[in-house]
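What follows is each chain in one-letter form.
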Amino acid sequence: MTSKDRVLAAFNHTEPDRVPINYLCNPGIDRRLKNHYGLGEQDHEGLRQRLNVDFRTIPVRYTGPPLHEVPPGRSVDEWGKHRRWIEHESGGYWDYCDWPLQNADLEAIEQWPMPSPDDFDYSEIDPLCETYADYAIVIGNPGVADVINSTGMVRTMEQVLFDLMTDDPACLRYIERKTDITLAVTEHTIELARGRIDLLWIGEDLGTQIGPMISPDLYRRHLQPIHQQFIDLAKSHSIPVMVHSCGSSSWAFDDFIEMGVSIIDTLQPEADRMAPDYLKSTFGDRLAFHGAISTAGAVSYGSADDTRQDVRNTLETMKPGGGYALAPTHQLQDNSPTENVVAMYEAAMEFGAYS
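Note that the structure is predicted; figures quoted are calculated from it, not measured.

### Topic: helix α7 (residues 157-166)
Here comes step 1: What α7 keeps buried is the set V160, D163 and L164. All buried residues of α7 lie within an arc of 95 degrees about the axis, which places them on one face of the element. Facing away from the buried side of α7 by over 90 degrees, the exposed positions are E158 and M165.
Here comes step 2: In this structure, the buried residues of α7 make contact with α6 (148-155), α8 (169-193) and α9 (216-236).
Here comes step 3: Within two residues after α7, D167 carries a phi angle of roughly 55 degrees, on the positive side.

In structure tokens, the structure reads:
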């Protein structure tokens with residue numbers, strides 16, 4: 001089977017030749033894996049082939065003029081999100097900071113510079129669709145259609161949760177403006193791909209480790225209508241939708257099903273009501289799954305043998321009948337030993353076969 005055939009079969013709840021595989025990473029572990037396999041630092045495709053990855057993402061990057069000042073020691077993107085570099089014992093990461101819209105009122109939100117859909121680079125869509133014709137082609141990412149996290153990056157998480165509960169007009173207007181732009185970029189990407197997209201990936205973190213982050217009523221009032229726009233757009237082009245949601249988020253899965261979502265990403269097994277056996281038995285006939293290999297589990301804190309066993313156990317639960325693609329629950333972190341990640345992908349091939 002081609003990778004495309006394999007993914008489409010699995011997500012249609014039939015058994016392909018093996019479970020599909022995906023790869024998500026932080027830069028540190030990505031560099032170490034390339035060194036391990038003797039690949040160049042920019043050989044992204046070579047690494048994905050070595051790991052037998054079945055998915056390929058079509059990027060759409062902002063290439064317009066700078067919209068925001070960049071203070072010393074900061075990185076600022078087109079949305080005005082500020083980041084600073086934080087070192088830690090296994091590497092580092094760009095952490096969000098400054099919160100430029102934390103106290104912004106409606107007038108300030110209206111005046112806040114935002115990118116135009118015309119200022120994104122769509123030139124790679126057609127050639128990459130041709131290059132990746134045998135792979136499952138994905139557009140989007142967990143930040144597309146996301147409300148709480150992405151708004152919290154400029155306004156703070158606490159303020160956003162308060163704003164949603166109180167129907168704050170400034171926050172809701174920011175969300176509306178960003179949604180309109182992101183939806184337009186997504187629509188244009190789909191149109192230029194001319195029927196070659198296999199999956200739209202959107203996201204919204206809806207759970208803590210022990211339960212819902214917000215109430216179902218609050219989700220349905222403010223977030224669901226936004227997500228529905230992206231789902232309806234994808235469905236109008238016969239593209240399946242995968243929703244990323246960290247934490248204990250299974251409380252929202254029935255809503256997702258009614259909205260037209262067919263695949264769930266992340267599946268943190270340590271969170272409440274997110275264990276593979278619970279998800280497979282409760283939703284396996286109505287949803288397909290992507291993830292479930294915890295980046296807070298054996299791949300980070302165990303041995304290579306522990307990682308192999310974790311992959312094997314997960315596959316024994318999730319692969320029967322199709323409906324599953326193996327992937328980390330989030331980006332593989334810098335604290336994951338190289339040998340563990342190698343063991344994870346070797347085990348996926350060894351135990352993921354259906355015959």
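And the narrative resumes.
### So, the sheet that holds strand β3 (residues 75-76)
Here comes step 1: Read across the open sheet, the three strands follow the order β3-β4-β5; overall the sheet is antiparallel. Unpaired on one side and paired on the other, β3 and β5 (91-97) mark the two borders of the sheet.

### Focus on empty space enclosed by the protein
Here comes step 1: A full pass over the atoms with the stated rule returns one cavity of 30 Å³ or more.
Here comes step 2: Taken together, 13 residues form the lining of the largest cavity, with A145, D146, S150, K178 and T179 sitting closest to its centre.
Here comes step 3: If you list the elements that add at least two residues to the lining of the largest cavity, you get α6, α8 and α9.
Here comes step 4: Ranked by residues supplied to the lining of the largest cavity, first place goes to α8 with four residues.
Here comes step 5: Looking at the lining of the largest cavity residue by residue, the class counts come to six nonpolar, five polar and two charged.

### A word on the pattern of salt bridges
Any two side chains of opposite charge can pair, given that their charged atoms come close.
Here comes step 1: Under the counting rule described, the total for this entry stands at 24 salt bridges.
Here comes step 2: Here R61 makes a salt bridge to E124, at a shortest N to O gap of 2.8 Å. Placement of the pair is R61 in strand β2 (residues 61-62) and E124 in the loop between β6 (120-121) and α5 (125-131), with a sequence separation of 63 residues.
Here comes step 3: For E124, a relative accessible area of 28% corresponds to the partly exposed category.
Here comes step 4: In this structure, the salt-bridge partner of R173 is E110, at a minimum N-O distance of 2.9 Å. You can see R173 sitting in helix α8 and its partner E110 sitting in helix α4 (residues 106-111), a full 63 residues away along the chain.
Here comes step 5: Judged by relative accessible area, which is 24%, R173 ranks as partly exposed.
Here comes step 6: Here the salt bridges do not stand alone but share partners, grouping R6, D17, R18 and D54 into one network.

How each quantity is defined
- Residues numbered from 1 in each chain as written.
- Predicted model: local features only at pLDDT ≥ 70, side-chain atom pairs only at ≥ 80, totals over all residues.
- Heavy atoms only, no water.
- Buried < 20%, exposed > 50% of the residue type's maximum accessible area, 1.4 Å probe, protein only.
- Helix = DSSP H or I, 4+ residues; strand = E, 2+ residues; numbered from the N terminus.
- Arc of directions from axis to C-beta.
- Contact = heavy atoms within 4.5 Å.
- Pairing = 2+ DSSP bridges.
- 1 Å grid on protein atoms, 1.4 Å probe; cavity = no way out; pocket = protein on both sides within 12 Å on 5 of 7 lines; lining within 4 Å.
- Points joined across faces, edges and corners; volume = space filled by probe spheres on them.
- Nonpolar A, V, L, I, M, F, W, Y, C, P; charged D, E, K, R; others polar.
- Salt bridge = Lys/Arg side-chain N within 4 Å of Asp/Glu carboxyl O.

Function cannot be read off these values alone, since they describe shape.
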